[in-house]
Amino acid sequence: MSSAIELDGVRQVFHVRDRQGRRQQFVALEGLDLSIRAGELFVLVGPSGCGKSTVLDLISGLNRPAAGSIRVGDRVVDQPGLDRGFVFQQYTLLPWRTAQGNVEFALEAAGGLSRRERRERARQYLDLVGLDEFADRYPHELSGGMKQRVAIARSLSYEPEVLLMDEPYGALDAQTRERLQRELLAIWRRTGTTIVFITHDIDEAVFLGQRVGVMSSRPGRIKAVVDIDLDRDHPDQDVRSTPEFARHRHQVWSLLRSDLETVDDPARAEAEEVGRVA
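Residues numbered from 1 in each chain as written. Predicted model: local features only at pLDDT ≥ 70, side-chain atom pairs only at ≥ 80, totals over all residues. Heavy atoms only, no water.

Draft legend 1. Fine view of the overall build of the chain. Looking only at helices and strands, the chain has 8 helices and 10 strands in total. Taking 2.2 N^0.38 as the reference for a compact globule, 278 residues should give roughly 19 Å; the C-alpha atoms of the chain span a radius of gyration of 19 Å, in line with that estimate. Along the longest, intermediate and shortest principal axes, the C-alpha atoms of the chain span 55 × 45 × 40 Å. Looking at the 278 residues of the chain, the share that counts as buried comes to 50%. The contacts in the chain between residues at least 6 apart in sequence include a share of 71% that link residues at least 24 apart. For the chain, the computed accessible surface area is about 13300 Å², with 45% contributed by carbon and sulfur atoms. Mean positive and mean negative side-chain charge positions of the chain (38 and 43 charges, respectively) differ by 3 Å. (Helix = DSSP H or I, 4+ residues; strand = E, 2+ residues; numbered from the N terminus. Rg over C-alpha atoms; globule rule 2.2 N^0.38 Å. Buried < 20%, exposed > 50% of the residue type's maximum accessible area, 1.4 Å probe, protein only. Contact = heavy atoms within 4.5 Å. Areas by Shrake-Rupley, 256 points an atom, 1.4 Å probe, with all protein chains shown as cover. Lys, Arg positive; Asp, Glu negative; His and termini not counted. Charge placed at Lys NZ, Arg CZ, Asp CG, Glu CD.)

Draft legend 2. Up close: the packing of aromatic side chains. The full count for this structure, using the stated rule, is 2 aromatic pairs. The interplanar angle of 5 degrees and the centroid separation of 4.4 Å between the aromatic rings of F86 and F88 together place this pair among those described as stacked. The lysine or arginine in question, R240, covers the ring of F207, its NZ or CZ lying 4.0 Å from the ring centre. (Phe/Tyr/Trp six-rings, centres within 6.5 Å; stacked < 30°, edge-to-face > 60°. Lys NZ or Arg CZ within 6 Å of the ring centre and 35° of its normal.)

Draft legend 3. Geometry of the domain arrangement of the chain. When the domains of the chain are assigned, the result is domain 1 (3–83 + 161–275) and domain 2 (91–159). Each of domain 1 and domain 2 has a C-alpha centre, and these two points are 26 Å apart. Overall, the association of domain 1 and domain 2 removes approximately 1200 Å² of surface from exposure, summing both partners, and the carbon and sulfur fraction of that is 71%. Considering only the surface of domain 1 that becomes buried against domain 2, L82, L163 and I187 emerge as the three largest contributors, covering 39% of it. Measuring nitrogen to oxygen at the nearest pair gives 3.5 Å for the salt bridge that ties E183 to R149. Viewed at the interface, domain 2 and domain 1 are joined by 1 residue pair in polar contact (both at pLDDT 80 or more). Where the side of domain 1 that touches domain 2 is concerned, the elements lending two or more residues are β7 (162–166) and α5 (174–191). Ranked by the residues each element gives to the side of domain 1 that touches domain 2, the list is headed by α5, at 6 residues. Among the residues making up the side of domain 1 that touches domain 2, the classes are represented as 8 nonpolar, 3 polar and 3 charged. (Domains from an automatic or database assignment. Buried area = accessible area lost by both parts, 1.4 Å probe. Salt bridge = Lys/Arg side-chain N within 4 Å of Asp/Glu carboxyl O. Polar contact = N/O pair within 3.5 Å; in protein donor to acceptor, adjacent residues only side chain to side chain. Nonpolar A, V, L, I, M, F, W, Y, C, P; charged D, E, K, R; others polar.)

As structure tokens, then:
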């Protein structure tokens, strides 16, 4: 089961102190409207500091908006819930637990399953991400890409309706990143989960997204939503080398281009200490 996501007139403000110690408001998001379809793989891009991570925090329920509303399915979001999973850029695995133990940890927290059921469910999702043979390995015995796949398996194991992914491949090398992008598409097709994926990489956005939402510079708004129409399943074709891919990439780049100028904002660094505005 997957759910649609609706953000209506969302505003988010952080209270910070400037270099002189004066208290002031830092407006991260202003009048942000966004509709994400149930079962969609939606990618969000934008300049650094535009509030992409703040959007995910709000959808997850980790923070509440200063104004506006957020809904997942027919429910208003006002706190975290098991209907939403989160995958961070850092793997956040428990080093004293095996890959299987890390997945089971999420199921223990969710409750409702016996020990045997948790074990079977963990194996099922490790198999989904191609790590069934590594179930007994500890995090220090896994590569970076494997650790991130364990994190994805863990977030999917309790079968959330929405999976939020905050630059999950940002720390990986190019080859691993490209392989995991393809694996994510396969997982998404098999599970039908609504996925919201944040990235700074335009190529990654175009390759993954059914649609790509482009945010403006701070305060963040949705500048445009680009529909992506690509044949990613052709076995003999590198979709990234096609004219269609280049056209979509140029479209997204053109929307971002006007917001990529660096602005000297002394409040921004301090704001990032109290709220996630990336």
